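What follows is the residue order along each chain.
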Amino acid sequence: MALVMTEGAEVASPCLQLAGPRGSASQLSQWDSAFLTLHGHQKGRFELELWRFYEGWAVPCSHDLAPSEREQRTQETFSFRASGQPRASVMIRDETRVTLRGRFANREIMALRFTGFRRRALNQVFAEDDTLQVGGLPTWWSVNGRFFLYFAAEYGHWKINGRRVSGGDGLVAVQRGGRRSGRGFVHSGPCERPVCRQTALASLCCVEGWFQVLAGGWTSCEPLIVEEQVWSMDFRAESVDVKDIESRGQDTVEHHHSARDVVFHMVRRGVAEEPAALWLPEMPGPTGDELQAVYDSQEDFAAERAPPSGTLGEPDFLLMGPVSASKL
């Protein structure tokens, strides 16, 4: 490994650089760009840079409208106009830059490859994730981040479901439990009682008793299940620095936030050229008082704080790929 001199100190040159998001998985994340630099192989230091940007126009609403007219206009447009400001379209720019620095370590985790389902998107590798649990048991996530296996305690078997963007019910819906928590696409045979991690894993690996949805009904199937070798790269960010830049017309405001000891992970298979699945943590953001100071009304403030429909509780996910060396 080469050493680079930086301000009188020796710093190991990066062993691996990954960039994302890659492919169709970009719609699963709120970030437009990510760049990860790793210094080390099995363990070492890392730096992750995240960036997102939004630009648009908004027509300010008038504060002197009748309540019914103002409510109607609020539903149609979004306003950042201060009281007394002339009516005109306002340019809106929102930019967020995040830098996470800390240490990482590799560890091998369990993963299973499923084949034989009629729904082809489900025929792939699912890796165990003990950070996202349902009913006290780990979930298993597909390497493309779209589908997940969870133990449905009310039925006593495993189900494959998906994110809402992939036609599933989403993680939050199944975490609530109950028989209306989601039908899923496939389910395993029954698990032996009492249910524990060992008995649940045995039922997951058993090829007998599986059913899949075909033409609106459940049909028996017998998938091929093979154990795969997969690694989890566990990150602990010693520092997280967030810079938010908000522009409303000619006015620009910067907000800075920070955090420490933030943990997250990335799942990689043995093939270096294949994309890696990066599961991001929740980033530090402004407090309620800081947000309230930016907006003219409680309605605008509430709209900003509300999460986008369909993404509530879904893990933030990025597919990362190796950065190709420049040929210039």
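Please refer to the structure higher up on the page.
*Asks:* What is the right way to read the overall build of the protein chain from this model?
*Replies:* Check the secondary structure of the protein chain and you find five helices and 18 strands. The proportion of buried residues among the 328 residues of the protein chain is 42%. Long-range contacts, defined as pairs at least 24 residues apart, comprise 61% of the intrachain contacts of the protein chain with a sequence gap of at least 6. Summed over its atoms, the accessible surface of the protein chain is roughly 18100 Å², and 49% of this surface lies on carbon and sulfur atoms.

*Asks:* What is the right way to look at helix H3 (residues 197-205) in this model?
*Replies:* Every α-helical turn comprises 3.6 residues, leaving residues that sit three or four positions apart pointing alike. For H3, the full list of buried residues reads Thr-199, Ala-200, Leu-201, Ser-203 and Leu-204. Packing partners of the buried residues in H3 comprise strand S6 (90-115), strand S8 (137-142), strand S9 (147-152), strand S10 (157-162), strand S12 (210-214) and strand S14 (224-248).

*Asks:* Explain the packing of aromatic side chains to me, please; I cannot follow it from the model alone.
*Replies:* The description of two aromatic rings rests on the distance between their centres and on the angle between their planes. With the rule as written, the count across this model stands at 15 aromatic pairs. Through a chain of ring-to-ring contacts, the aromatic side chains of Trp-141, Phe-148, Tyr-150, Trp-279 and Phe-317 assemble into a single cluster. The aromatic ring of Phe-185 is capped on one face by Arg-119, whose charged end is 4.0 Å from the ring centroid.

*Asks:* Help me understand the nonpolar core, please; the structure alone is not making it clear to me.
*Replies:* Leu-36, Phe-46, Leu-48, Leu-50, Leu-100, Phe-235 and Leu-278 are the most contacted members of the largest nonpolar core, which totals 25 residues. Considering each element in turn, this core owes the most residues, five residues, to S14. Setting aside anything within four residues of it in sequence, one finds Phe-235 in contact with Leu-36, Leu-38, Phe-46, Arg-103, Phe-104, Val-262, Val-263, Phe-264, His-265, Met-266 and Leu-278. Counting 22 residues, the second largest nonpolar core, distinct from the first, contains Phe-147, Phe-151, Ile-160 and Val-186.

*Asks:* What should I look at first to understand the pairing of S8 in this one?
*Replies:* Within a regular strand, the side chains alternate between the two sheet faces. With six of its six residues buried, S8 lies for the most part within the structure. As paired strands, strand S7 (residues 125-134) and S8 are joined by six bridges and run antiparallel to one another. Counted as the bridge partner of Phe-126 is Ser-142 from S8. Once S7 ends, the chain turns through two residues before running back antiparallel as S8, passing Gly-135 with a positive phi of about 65°. Relative to S9, S8 runs antiparallel, the two being bridged by two bridges. Within S9, the position partnered with Trp-141 by the bridge is Phe-148. The antiparallel hairpin formed by S8 and S9 contains four residues in its connecting segment, where Gly-145 sits at a positive phi of about 75°.

*Asks:* I would appreciate a short explanation of unusual backbone geometry in the present structure.
*Replies:* Negative phi values dominate among residues other than glycine, just as trans dominates among peptide bonds. Residue Pro-21 is reached from Gly-20 by a cis peptide bond, and omega for that bond is 0°. In this structure, Pro-194 follows Arg-193 across a cis peptide bond, with omega equal to -5°. Assignment of secondary structure puts Pro-194 in the loop between strand S11 (186-187) and H3. Phi is positive for Ala-215, which is not a glycine, with a value near 55°. Looking at the secondary structure, you find Ala-215 in the loop between S12 and strand S13 (217-221). Phi angles above zero are rare outside glycine, and Asp-261 is one such case at about 55°. Residue position: Asp-261 is located in the loop between strand S15 (251-259) and strand S16 (262-269). Under the relative-accessibility criterion, Asp-261 is labelled exposed at 51%.

*Asks:* When you look at the pairing of S12 in this model, what are you seeing that I'm missing?
*Replies:* The sheet contact formed by S11 and S12 spans two bridges and is antiparallel. Bridging across to S12, Val-186 finds its partner in Gln-212. In terms of strand pairing, S12 meets S13 through five bridges, oriented antiparallel. For Trp-210, the partnering residue across the bridge sits in S13 and is Cys-221. Between the end of S12 and the start of S13, which pair antiparallel, lie two residues, with Ala-215 showing a positive phi angle near 55°.

Cut-offs applied
- Residues numbered from 1 in each chain as written.
- Predicted model: local features only at pLDDT ≥ 70, side-chain atom pairs only at ≥ 80, totals over all residues.
- Heavy atoms only, no water.
- Helix = DSSP H or I, 4+ residues; strand = E, 2+ residues; numbered from the N terminus.
- Buried < 20%, exposed > 50% of the residue type's maximum accessible area, 1.4 Å probe, protein only.
- Contact = heavy atoms within 4.5 Å.
- Areas by Shrake-Rupley, 256 points an atom, 1.4 Å probe, with all protein chains shown as cover.
- Phe/Tyr/Trp six-rings, centres within 6.5 Å; stacked < 30°, edge-to-face > 60°.
- Lys NZ or Arg CZ within 6 Å of the ring centre and 35° of its normal.
- Core = buried A, V, L, I, M, F, W, Y, C linked by side-chain atoms within 4.5 Å.
- Pairing = 2+ DSSP bridges.

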